[in-house]
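Next come the chains, spelled out residue by residue.
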Amino acid sequence: MKHGKKALNPIIFNFKNLIHTTVQMFQAQIEQKELVLNIEALMENTWLEADCHAIKQILINLLSNAIKFTEKG
C-alpha cells in the first residue's frame, strides 16, 4: 500500500440495500429541511463485488453534500 492509499476489500453485497440503508441514516436531516428524496433503482441485478465500505462512504458524502447545499423545501 502506497502512502495515503487505502487497500480495497471487495466483497459481494446488495447495492440497492446499501443505498436504502444509507439514505435511512439521513432521514432526519431530509425531513428537517422539508426535502423529498425518491430512490429509483432500475437495475435487475443489484449485487456487486466491490469495497462496500468505500461505496458507502461515497454515498454518505454525496447525500451529505446534497442535503447541505439544497435549500429548504
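Here goes a summary of the coordinates provided.

What counts, and where the lines are drawn
- Residues numbered from 1 in each chain as written.
- Predicted model: local features only at pLDDT ≥ 70, side-chain atom pairs only at ≥ 80, totals over all residues.
- Heavy atoms only, no water.
- Helix = DSSP H or I, 4+ residues; strand = E, 2+ residues; numbered from the N terminus.
- Rg over C-alpha atoms; globule rule 2.2 N^0.38 Å.
- Buried < 20%, exposed > 50% of the residue type's maximum accessible area, 1.4 Å probe, protein only.
- Contact = heavy atoms within 4.5 Å.
- Arc of directions from axis to C-beta.
- Polar contact = N/O pair within 3.5 Å; in protein donor to acceptor, adjacent residues only side chain to side chain.
- Core = buried A, V, L, I, M, F, W, Y, C linked by side-chain atoms within 4.5 Å.

We now examine the overall build of the protein chain. Secondary structure summary: the protein chain contains three helices and two strands in total. Written out in order from the N terminus, the α and β elements of the protein chain read β-α-α-β-α. Here the protein chain has a C-alpha radius of gyration of 15 Å; the compact-globule value for 73 residues is 11 Å, and the former is much larger. Here the protein chain, with 73 residues, has 25% of them falling under the buried criterion. The contacts of the protein chain with a sequence gap of at least 6 include a subset with a gap of at least 24, amounting to 90%.

This next bit is on helix 1 (residues 15–25). Of all the positions in helix 1, only Phe 15, Leu 18, Ile 19, Thr 22 and Val 23 are classed as buried. Projection of helix 1 onto a plane perpendicular to its axis shows the buried side chains occupying an angular sector of 130°, all on one side. Contacts made by the buried residues of helix 1 are with strand 1 (11–14), helix 2 (27–32), strand 2 (47–50) and helix 3 (52–68). The N-terminus of helix 1 is capped by Asn 14, whose side-chain oxygen sits 3.0 Å from the backbone nitrogen of Lys 16.

Although it is not a glycine, Glu 34 sits at a positive phi angle of roughly 55°. Assignment of secondary structure puts Glu 34 in the loop between helix 2 and strand 2.

One can find Thr 46 in the loop between helix 2 and strand 2. With relative accessibility at 9%, the residue Thr 46 sits in the buried group. Setting aside residues up to four positions removed in sequence, Thr 46 forms contacts with Phe 13, Asn 14, Phe 15 and Lys 16.

Counting 14 residues, the largest nonpolar core has Phe 13, Phe 26 and Ile 30 as its most contacted members. Mapped onto this core, the elements with two or more residues apiece are helix 1 and helix 3. A total of five residues in this core trace back to one element, the largest contributor, which is helix 3. With near-sequence residues (within four places) excluded, Ile 30 lies in contact with Val 23, Leu 35, Leu 37 and Ile 67.

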